[in-house]
Structure formats: structure tokens, C-alpha cells
Amino acid sequence: MSSYVEGFTAPVTMSARTTALVVVDMQYASGSREHGLGKLLGEQGTLDSAAYRFDRIDALLIPNIGKMLAAFRANGTHIVHVTVGSERPDFSDAPRHMRPFFEGTNNHAGTREHEIVDALKPLPGEPVFNKVTMGAFSSTGIGAHLTSKGIREIIVTGVSTNNCVGMTGQEAADRGFGVVLASDASGTCSDLMQDAYENTFRRLWGRVAATDEIIAEIAQTTNAG
């Protein structure tokens, strides 16, 4: 692939004081074999079609997001959690393109499906923004919140890379934030989709980096500060 567009991509550096970790949609609705999407596919006899998704969540996303949460809680880096789903049990607040997925996965406030998976539960004081759209900035107050905290860069993690995670990152970039997509702490339905979106993101949107690289860079600024 030609890199001529990537040559115009603005560099993004991270620091403990100005960077926030944003964990996107790590909920039972679409992040568990036993609930929501996994349960629905199991009832349809098609759960094997999502094996890549759930295997990646279990083997990479939960461990790596958990690793970042632990590191950033220890050094005081700001953490924000994002959920997706209807606020209303009749799904009447969902936009047309999102409503079938919310209904099919029983994803509305008050259900187990709507909850963040236990392994990545927010701690008291960590803000949670619920969205009804793909991107977090268009249907929540996350932008104003981040600005009020002096945040200039965000690290996006979670599911799905090429939908809610990526859209949140792109919205953030359009609003002037530097954005880092965590390559091994985000996931979708195949290597092809993951790789394609990472290649897209490098073209003007932001930076792609792995968990250990992210933690090390944040740690350097913590020790320097």
C-alpha cells in the first residue's frame, strides 16, 4: 500500500497528564459468548461464525485492556468508559440503524447485557458515558468532559475496531484530539477487518500502537514528571 497519505498524518505523543484511556463497549451485549450477541448466535446455531471475535476478546482484549487499566490507575492517567445501548426498554431512543442490534442483543439500561464485563468494571469515580450511536462524541458529553480535564490525546480500545471504536477515534480526531488506536486491545470479526481498519486509521486519523508500547510511553512521562 502506498504511504503518501500517511506522510501527512500528524504525530501523536502520549503523556500521563494529558492522555486518557477510553474503553469502548466492553459489555456483555457483544463481548460475551453467553450473553447478548453470543447467546443469540448460539440459539441460531451460528456461534462458530463469531469464534474469531470472541476468541480475540478473551485472549487479547480483556487481558490487554485490563493491563492498561491497572497501569493507568496506578499512575493517575485519566480513564473513561463508554457503553452502547438504549436508555429505554422499548428502544425508542435508538437511531434506526442501531435499533435492530440493540433489540437482538437485549441491550438496554438495566440488563446484564448492557453492563461492562466484570473483568473490566469501572472503579468508583471513573466516568461512564452511554451512547446510542456508533461514535461516543455524537450522543454523549464525552468531548466536554475530556476538555474539562485537560485531555489532549486519547487511546481508544474495545469493540468493534471498525465500528464504535474507530468512529469514536475519528470523531475525536475531527475535534482536535490526538488519537491512538490500541492494535492489540481492539477487535472486530477477522484479521482482514482489523488490518484494513488499522491501515485506514493511519491515513490522517492518528497513530496505531500496541499495549506495551502505550504503557511504556505513559510510564516515561510519569517518571519524568
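Before any of the text, the structure's been laid out above.
Keep in mind that this is a model prediction, so the values were computed, not measured.

## Quick word on the pattern of salt bridges
Here's step 1: Per the stated rule, a full pass over the model turns up 14 salt bridges.
Here's step 2: The shortest N-O distance in the salt bridge between Asp-58 and Arg-33 comes to 2.8 Å. Taken together, the residues span a long stretch of sequence, with Asp-58 in helix α3 (residues 51–75) and Arg-33 in the loop between α1 (28–31) and α2 (36–44) at a distance of 25 residues.
Here's step 3: Linked through salt bridges whose partners overlap, the residues forming this network are Arg-112, Glu-115, Asp-118 and Lys-121.

## Observations concerning the packing of aromatic side chains
Here's step 1: Going through the model one piece at a time under the given rule, you end up with two aromatic pairs.
Here's step 2: Consider the rings of Phe-137 and Phe-177, whose centres lie 5.9 Å apart with planes at 50 degrees: the pair is tilted. One end of the pair, Phe-137, is in the loop between β3 (128–131) and α5 (142–148); the other, Phe-177, is in the loop between α6 (161–174) and β5 (178–187), and 40 residues separate them in sequence. Note on accessibility: Phe-137 and Phe-177 belong to one class, buried.
Here's step 3: Summarising the aromatic geometry, the rings of Tyr-197 and Phe-201 are spaced 6.0 Å apart at their centres and angled 35 degrees between planes, so their arrangement reads as tilted. Of this pair, Tyr-197 and Phe-201 both sit in helix α7 (residues 191–201), four residues apart, which is roughly one turn of that helix. Phe-201 shares its class with Tyr-197; the two are buried.
Here's step 4: The lysine or arginine in question, Arg-203, covers the ring of Tyr-4, its NZ or CZ lying 6.0 Å from the ring centre.

About the criteria used
- Residues numbered from 1 in each chain as written.
- Predicted model: local features only at pLDDT ≥ 70, side-chain atom pairs only at ≥ 80, totals over all residues.
- Heavy atoms only, no water.
- Salt bridge = Lys/Arg side-chain N within 4 Å of Asp/Glu carboxyl O.
- Helix = DSSP H or I, 4+ residues; strand = E, 2+ residues; numbered from the N terminus.
- Phe/Tyr/Trp six-rings, centres within 6.5 Å; stacked < 30°, edge-to-face > 60°.
- Buried < 20%, exposed > 50% of the residue type's maximum accessible area, 1.4 Å probe, protein only.
- Lys NZ or Arg CZ within 6 Å of the ring centre and 35° of its normal.

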